[in-house]
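Spelled out, the chains give:
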Amino acid sequence: MIVIIDINRKGEVIHRLRGHDGEIHFLSWCPQLCEPQFLSDMTSDTLELNGELTTEDATKDCFLASGSRDQTIRVWNATKGKGVITLKLPSLKRRGGGTDVGIKERIWLTVHWSRTCPTQLFSSCFGGELLLWDLTKAGKQKWTLLGSSSEGQNHSRIVFNLSSVSLQDNRELLLSTSMDRDVKCWDLNTLECSWTQPTLGGFVYSLAFSPVNIGSLAIGVGDSMIRVWDTLSLQRAYDIKTLWQGIKSKVTALCWHPTKESTLAFGTDDGKVGIYEIYSNKPPQISSSYHRKTVYTLAWGPPLPPLATGGDGDGPAVTLYSCAGEGIILQHNPWKLTTDAQDVNRLIRETNGIKHKLPGRSELNWKPDGKILAIGNDDGSIEIFQAPRLKLLCTIQTHHKLVNAIRWHHPHGAQPELSSLIASGSNNAIVYVHNLKTVLESPPDTAITVTEPYRTLPGHTAKITSLAWSPHHDAMLVSACYDGTAQVWDVLKEEPLSNYRGHIGRLLGVQWSPVDPDCVWTGGDDFTARQWEVSKQQHTQPPRGKKSIELEKKRPNCSKTKSKKARKRTEKGSVGQEGEESQENTTQNVVGSRNGSADRAEEEEEDCRDETEMAKLSNGTPRIAVSLDEPRAQENTDSVLPNSLHTVVSRTPQMKPDRLKDERRRERAEVTVKKKKGRSVLPLSTINDHQSKEQLLSDCVNLANILYSKESESQSRPGSGDEIQLGLFVDRAAVYRMFEEEGQNHLEAGHSEICYQLMLWKGDVRGALEMATERGELNDALVAMAPMAGYTVWMRTVEAFSKQLCFQEQYVKAATYLLYIHKVYEAVKLLQSHQLFREAIAIAKARLQPDDPLLKELYTNCASFMEKDGHYTIAAKCYLTAQSPYDAAKILARKGDVPSLQTAATVASIVGEQELSSLFSSRCSLDLLAQRDWQGAQDILRPQEGLLGQRLVLCTYELLYRYLADGNLILWKSMNPPCYHDWTLRRDEPLIHSVIAIWQCEFGITSADTERLKTAHQQLRITEHPEASPNTLPRLLMLYLAHDLSLAIACSLLSDWSQMVTALLNAVHRCISAGDFTLMREISKIALSEGK
């Protein structure tokens, strides 16, 4: 329903427009006032809705268009409140394939009225198409498809919004946004798409260039979609294909097939691995082997046993490898993704005879020739294996934290020996490069360990998330980092060349352009993928961390560094002052580690701004753990890809780098807060054991005298007074004296629970319970120990604890403790006295006999209580259970609405209260009568045989109303449309003949069935109605007249002519008494054939 409200009249409802069968998606006002007749020729589709029509006048009207889930567009005259045109969406076939079966279920029908032409309306269709409707045309010529001249102009998913703008040259442009996150601009003169602006709705987790189709860039985004961008397209700047079918989570890893240009593998945040054929309309193939956590890395490589067959054509040339957060690597068969994937660790164990636990895998990268596999681990080690049996050649032990990225140098450089270089980055913010030429050329018999890097590239101030070698240069590397920058390195010289700082937030992936030697692509958590040129950057190295700057300031002063504890206190204080500023940061923290753990070592460099372990992404993609904190609200924020080669429009607010650092420091400080130390149980003896050295030595002498000198036994009392600390070293009596003094001290200090604990230590359970009972300080632990003191003490303690709980207003718990000692009645009455009827009934039903009088008392009291609070249905249930069905039916009818009366009548009929059931049915039928629902009224009375006379009256009433309504005699107005039976009312014969015919057909009232006729006549005769007056409501007057006519008809069937004439005259007299002479004339026509 559409409601039109006049806000100038204090929100008065002007019209309620009904007609749609589904939820309404969109409304659009016609921008111009139009003549009421400008759509009058569309008579075939005109619908009159919402009441009477007003007289046409000379003023112009407002028109409104609405789109609904019922696949229709309706045009309304909002001034008069009626429907004008109904448009049904056409079924369109997409190019290159059939229509998706479930596409109609995902419809979102958007409508927009043209600014310049009021007879033109734009709308979305099922699958992202846009339609132009010409409201002046009829049939299939009404609509025209936008962008039909070439493929790819329309959106690929449902359209959410439309908006238009008029230009100075009288041109009109239409803007559309869709679920595919593209913004399109349409020229309405040509109905063609002028330009498309793609946007991203999540973090850019993964970037991957196709090795076959050069320039084709795949982008994995947190909005559960993949964008394939033809960066070399000459037709459009943003020639992008969006892939979304079959993807239910964030796309965290991508990898192109090395030889097939259309095959793209992807991994998601929910652990799924799939393969997309991007030039096909089919959904992707999903591997049946799921990871338990986020997929971080995908790589194509040679098949390993058991998939390796050794023959040609027997199996796939390459297989797909995936690494995820649970720390395992799986090998998937791309020909049979439905088969189980193989765990690579099993082959590694068999080949190398490893018995110990293997480290968690965090990264893998195949050497381009497919002969060597490098695997990074969560302990910072990198293992080099020789295919196909994965023999371990060496282990690199230079990183000490989770390895996020590994990249082999390309083999097509001017210096062939550089192909043995392998670069790696981890959470310790340093990039290491190793030269494995010796190991690869002369594989050792036993694995060796490499501890020294070939080159070290320091400078970043946070964890490294991605690496990429330049395919155009020798030994030139680019690294992406959490410090928000991308750094280009000359590896051989260990020199930083260029630093890019264009992102607002952390970087998650990097790729070097395969075409332009000076171009690099990066993606981050600012919802953007950016292209930048190495030679045009102002900075050459990453920004320094805050701690390194502070250390440089301190060195000239030679000031003493603070201790670790003092440094922590200072850090906490600074974080507390800057906490409010950090809350302004809208960039989300991505926290978590590859295996769900975090490294919070104190010796970690402060330069790493995020010190918590976070999983990373491979293949040029950053790792995001399963506990990734990326709210949907943030992902739904539109941000855009680059508008040009060097600039990016982004809606993420600008943020200072040190603010990110402060926020991460605050999070670490909150986690490392020390736990509060518990209170000492023996504080007095502890204090005496921390006195001066002389006093401690004197205690040793006193203890020796007590234990070994018989003369001093009578002179000292160890365990009390100044010698309380000696109670631990003498006898049991001394310990008891120490407990007594310590307990008294705790009582005075208000720590009575420790006093009870000391009493329990020495076995005085009874004493502890008695003291706690007197002080009203019993608790669950003390009561649980009560059986140790005997049955009597236990009973007394439970009763005392129950009373204590009542004083504390914990009545349910008090009743539960009473049940422990089998006092069921006391527990039930306790709950009943505090109006906890539900709990009381539950206990009584579970523990008492079904015929116990207490149960009926509970239900009766509960019903009275619920009745006072207005909970009539619960009260009715209680009355039914308490064997008071009459009261239950009356309570159900208390509200007086139709559903309540109908339910009350049904219940009364079931329990045998037929008279009460007839009363409620009669009341319910009269209420339905006021709504002009004759069908509902008859359905209510049908089970009541004792109301046959009233059913006949309602039948006569309905036929009389239809008879008068056909004569344009408006009786009374109602918001509800009349609901008639399908009874035939013939205008060519008297109304009474039609009534008699329907009585015979529907109710079995005939002259032959004398008994049924007499029963109906008796019911009609004993029913009396008050005299009519000018104040009598029209619907009541009609009811009285229907009764008189029904009685007259019954008398005629019984040949009681005198009573028939009396009833007819009564009907005429009622009209005269009510002052309705028009109605009197109509009744006279019905009663007296000549109307005299």
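Look up a bit, the structure's there.
Keep in mind the model is a prediction, meaning the values are calculated, not measured. Throughout this description, residue numbers start from 1 for each chain and increase along the sequence as written. Residue-level local features of this predicted model are given only where pLDDT is at least 70; pairs of side-chain atoms are given and counted only at 80 or more, and the full residue set underlies all totals for whole chains, interfaces and linings. Hydrogen atoms and water are omitted, and side-chain values are computed over all heavy atoms in the structure.

Trainee: What is the right way to look at the pattern of salt bridges in this model?
Mentor: Between side chains of opposite charge, a pair can form as their charged atoms come close. One speaks of a salt bridge when a side-chain nitrogen belonging to Lys or Arg is within 4 Å of a carboxyl oxygen belonging to Asp or Glu. Counted according to the given criterion, the structure contains 16 salt bridges. Between Glu 533 and Lys 536 there is a salt bridge whose closest N-O contact spans 3.3 Å. Accessibility expressed as a relative area gives 56% for Lys 536, which makes it exposed. Between Lys 813 and Asp 780 there is a salt bridge, with its nearest N and O atoms 3.0 Å apart. Taken together, the residues Lys 813 in helix α14 (residues 811–820) and Asp 780 in helix α12 (residues 780–785) connect sequence positions 33 residues apart. Here Lys 813 falls in the partly exposed class, since its relative accessible area comes to 29%. Using a 1.4 Å probe on the protein chains alone, a residue whose accessible area is under 20% of its type maximum counts as buried, one over 50% counts as exposed, and one in between counts as partly exposed. By relative accessible area, which is 37% here, Asp 780 ends up partly exposed. For helices the rule is a DSSP run of H or I covering at least 4 residues; for strands it is a run of E covering at least 2, with both sets numbered from the N terminus onward.

Trainee: Help me understand the packing of helix α21 (residues 914–930) against helix α22 (residues 934–941) in this model?
Mentor: Think of two packed helices as two axes; the pair is described by the angle between the axes and how far apart they sit. Here the axes come from fitting lines to C-alpha atoms, over the contacting stretch only for helices, and the angles between their N-to-C directions go from 0 to 180 degrees. Across the interface, α21 lies against α22 with an axial gap of 8 Å and an inter-helix angle of 175 degrees. Compared by their axis directions, α21 and α22 come out roughly antiparallel. Contacts between α21 and α22 involve Ser 921, Ser 922, Cys 924, Ser 925, Leu 928 and Leu 929 from the former and Trp 934, Gly 936, Ala 937, Ile 940 and Leu 941 from the latter. Taken together, the residues that form the contact of α21 with α22 break down as seven nonpolar, four polar and no charged. What sets the label is the angle itself: under 35 degrees gives roughly parallel, over 145 gives roughly antiparallel, 65 to 115 gives roughly perpendicular, and the rest give oblique. Whether two residues are in contact is decided by their heavy atoms, any of which lying within 4.5 Å being enough. Side-chain classes follow a simple rule in which Ala, Val, Leu, Ile, Met, Phe, Trp, Tyr, Cys and Pro form the nonpolar group, Asp, Glu, Lys and Arg form the charged group, and the remainder, Gly included, forms the polar group.

Trainee: Quick question: what am I supposed to make of the packing of aromatic side chains here?
Mentor: Aromatic ring pairs are reported here in terms of the distance separating the ring centres and the angle at which the planes meet. In this scheme Phe, Tyr and Trp rings, the latter by its six-membered ring, pair at centre separations within 6.5 Å, and the angle between planes marks the pair as stacked below 30 degrees, edge-to-face above 60, and tilted otherwise. By the definition in use, this model includes 15 aromatic pairs. Look at Trp 108 and Phe 160: their rings are 6.0 Å apart centre to centre, the planes differ by 80 degrees, and that puts the pair in the edge-to-face class. You can see Trp 108 sitting in the loop between β6 (82–88) and β7 (111–113) and its partner Phe 160 sitting in strand β11 (residues 159–166), a full 52 residues away along the chain. Looking at Trp 108, the relative accessible area reads 28%, which means it is partly exposed. Looking at Phe 160, the relative accessible area reads 35%, which means it is partly exposed. Summarising the aromatic geometry, the rings of Phe 837 and Phe 865 are spaced 5.5 Å apart at their centres and angled 45 degrees between planes, so their arrangement reads as tilted. Residue Phe 837 is located in helix α16 (residues 837–847), and its partner Phe 865 is located in helix α17 (residues 853–869); the two are separated by 28 residues in the primary sequence. Through pairs of rings, three or more aromatic residues link up here, namely Phe 209, Trp 229, Tyr 238 and Trp 521. Two limits define a charge over a ring: the Lys NZ or Arg CZ must be within 6 Å of the ring centre, and within 35 degrees of the ring normal. Between Arg 157 and the ring centre of Trp 244, over which it is positioned, the NZ or CZ distance is 3.8 Å. Sitting over the ring of Tyr 980, Arg 962 keeps its end group 5.5 Å from the ring centre.

Trainee: Which parts of the structure should I look at to understand the sheet that holds strand β16 (residues 216–221)?
Mentor: Strand-to-strand pairing in sheets goes through backbone hydrogen bonds, with the strands running parallel or antiparallel. Any two strands with at least two DSSP bridges between them are considered paired. In space, the four strands of this open sheet follow the order β15-β16-β17-β18, with antiparallel pairing throughout. The sheet is open, and its two edges are formed by β15 (204–209) and β18 (240–243), each paired on a single side. For this sheet, the mean inter-axis angle between neighbouring strands, taken without regard to orientation, is 20 degrees. Pairing of strand β17 (residues 225–230) with β18 involves four bridges; the strand directions are antiparallel. Bridging from a neighbouring strand, Val 228 pairs with Lys 241 of β18.

Trainee: Before we go on, may I ask you to explain the side chain of Ser 419 in this structure?
Mentor: Within the secondary structure, Ser 419 is located in the loop between β31 (403–408) and β32 (421–426). Apart from the residues within four sequence positions on either side, Ser 419 is in contact with Lys 367, Trp 408, His 409, His 410 and Pro 411.

Trainee: How do you make sense of the packing of helix α27 (residues 1057–1074) against helix α28 (residues 1077–1087) when you look at a structure like this?
Mentor: In the contact formed by α27 and α28, the axes pass within 8 Å of each other and the chain directions differ by 170 degrees. Of the possible angle classes, the one that applies to α27 and α28 is roughly antiparallel. Packed against α27, whose contacting residues are Leu 1064, Ala 1067, Val 1068, Cys 1071 and Ile 1072, the element α28 presents Leu 1079, Met 1080, Ile 1083, Ser 1084 and Ala 1087 at the interface. Counted by class, the contact of α27 with α28 contains nine nonpolar, one polar and no charged residues.

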